[in-house]
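Structure assessment
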Amino acid sequence: MTPNDIATSISGLGSVGGGNINASTNFTYSFVPGSGQSMDDSSTWD
Amino acid sequence: MKELDANGVLRFNIDKPVDFAWDFHRNGFRVINKTSGKEITEKTLTSFYLRKPMYFDLIDVPKHGCVENWRREETDELFADFFRECQSRGLVALVRSQNNKYGKLRQLLVAEKYFHVASWHFFHGELSEELKRGRWVAKSMTQTPIGTDKVFFVKEVDPCALDLSYPWFVQERIEGEEEVTVVYIDGKTYAANASRDSFDGEDSRKSIIVNPTAWPKCSLSADDERAIRGFMNETGYRFGRFDFIRKGGELWFLELNPNGQWAWLDEKNENGLVTLVADAIKAEDRQHRDRPSRQGPSPSSRAALP
């Protein structure tokens with residue numbers, strides 16, 4: 001399996017937090033934690 | 001620069017990962033040059049000199065990213081974080097990092113002192129014995145986009161099935177009762193939780209994305225508070241959002257997001273989270289206003305301002 005196989009397709013999920021989920025990888029999907037073991041939203045500003 | 005190898009230095013080429021294997025874990029690390037057989041571990045490392053990572057085979061990165069760029073960013077971040085850790089331990093030579101960021105590797109190392117931490121590995125090229133059993137999830141060090149319509153969510157994987165030509169970050173799956181997120185605001189905390197029943201891998205995350213819901217506020221024990229303060233004091237961060245899993249009543253550390261999103265937890269300020277953040281901003285602002293330099297910049301520095 002490659003990272004491409006692991007990555008999740010988000011097509012069709014639409015708009016989140018005022019922006020399209022495809023348009024900004026840092027401030028759309030990242031604010032939602034969970035999915036078992038968390039996800040990072042730290043890399044943009046630290 | 002093969003001459004470095006001939007002068008008693010193990011050289012790691014970040015742009016030739018195929019020649020190397022590595023494994024960083026809670027008990028140490030091992031980097032091996034697969035062509036020469038030379039290796040270095042936590043027992044043999046005495047100094048680390050980091051050249052600026054450079055790739056001569058430049059690639060065009062599409063707007064939504066690509067896996068090769070993801071590979072490079074993940075590898076760069078791992079070794080940069082390791083370099084910062086070596087610097088904190090007095091083990092770097094010639095070059096110094098200008099920041100004391102705690103990336104995922106360093107966070108996990110510090111967290112061991114304060115929380116429960118599930119086993120983890122950052123690896124490439126070889127699979128350690130530990131990864132051949134148990135349940136693991138794949139994570140990423142960075143948020144580098146990986147391609148159109150693709151997000152690298154946390155996902156359960158069988159490490160034996162992973163393509164070892166890529167850098168991987170995996171952690172043992174934690175079977176807990178609930179997820180807990182804690183916003184730390186300059187000494188104060190705001191905690192919220194969600195039952196693990198509401199999560200079932202990426203599909204549940206998709207449902208949360210489609211229908212975002214704030215998690216209810218929850219309390220922390222005195223031990224939890226002490227551990228969180230200990231972690232923040234040691235890392236020097238004054239703000240951040242922790243993610244934990246609560247298992248058997250105790251916190252298992254996942255990560256600290258040093259500038260993590262928080263407003264979604266209390267969007268209408270019904271629980272006072274917005275006020276906590278605003279008060280912290282104003283408290284620091286008062287310090288800024290009280291500084292002697294409040295008199296204004298010197299004429300020379302004023303001239304340099306836009």
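What counts, and at which threshold
Residues numbered from 1 in each chain as written. Chains lettered and ligands numbered in written order. Predicted model: local features only at pLDDT ≥ 70, side-chain atom pairs only at ≥ 80, totals over all residues. Heavy atoms only, no water. Buried < 20%, exposed > 50% of the residue type's maximum accessible area, 1.4 Å probe, protein only. Helix = DSSP H or I, 4+ residues; strand = E, 2+ residues; numbered from the N terminus. Pairing = 2+ DSSP bridges. Salt bridge = Lys/Arg side-chain N within 4 Å of Asp/Glu carboxyl O. Axes fitted to C-alpha atoms, helices over the stretch in contact; angles between N-to-C directions. Contact = heavy atoms within 4.5 Å.

**Focus on the pairing of strand S2 (residues 28-33) of chain B**
Residues and elements named next belong to chain B. The element S2 is largely enclosed, with a buried count of five among its six residues. Pairing of strand S1 (residues 20-25) with S2 involves six bridges; the strand directions are antiparallel. Its bridge partner lying in S2, Asp-23 is registered against Arg-30. Between S1 and S2, which pair antiparallel in sequence order, lie two residues. As consecutive antiparallel partners, S2 and strand S3 (residues 39-41) are separated by five residues, and within that stretch Gly-37 has a phi angle of approximately 85°, a positive value.

**Some points on the pattern of salt bridges**
All names here are of chain B. Counting across every chain of the model gives 29 salt bridges over all chains. Arg-84 is paired through a salt bridge with Asp-81; the nearest N and O atoms lie 3.0 Å apart. Of the two residues, Arg-84 and Asp-81 both sit in helix H2 (residues 67-88), three residues apart, roughly one turn of that helix. The two residues Arg-84 and Asp-81 agree in class, both being buried. Among the ionic pairs, Asp-186 bridges to Arg-238, the shortest N-O distance being 2.8 Å.

**A look at the sheet that holds strand S4 (residues 120-124) of chain B**
Residues and elements named next belong to chain B. One open sheet accounts for seven strands, arranged S3-S2-S1-S4-S8-S5-S7; its pairing is antiparallel. Strands with a single pairing partner mark the edges of an open sheet, and in this sheet they are S3 and strand S7 (155-157). Direction aside, neighbouring strands of the sheet carry axes that sit 20° apart on average. The sheet contact formed by strand S5 (residues 136-139) and S7 spans three bridges and is antiparallel. Paired with Trp-136 across the two strands is Val-157, which belongs to S7. Strands S1, S2 and S4 of the sheet are contacted by H2, whose axis makes an angle of about 55° with S1.

By themselves these figures say nothing about function.
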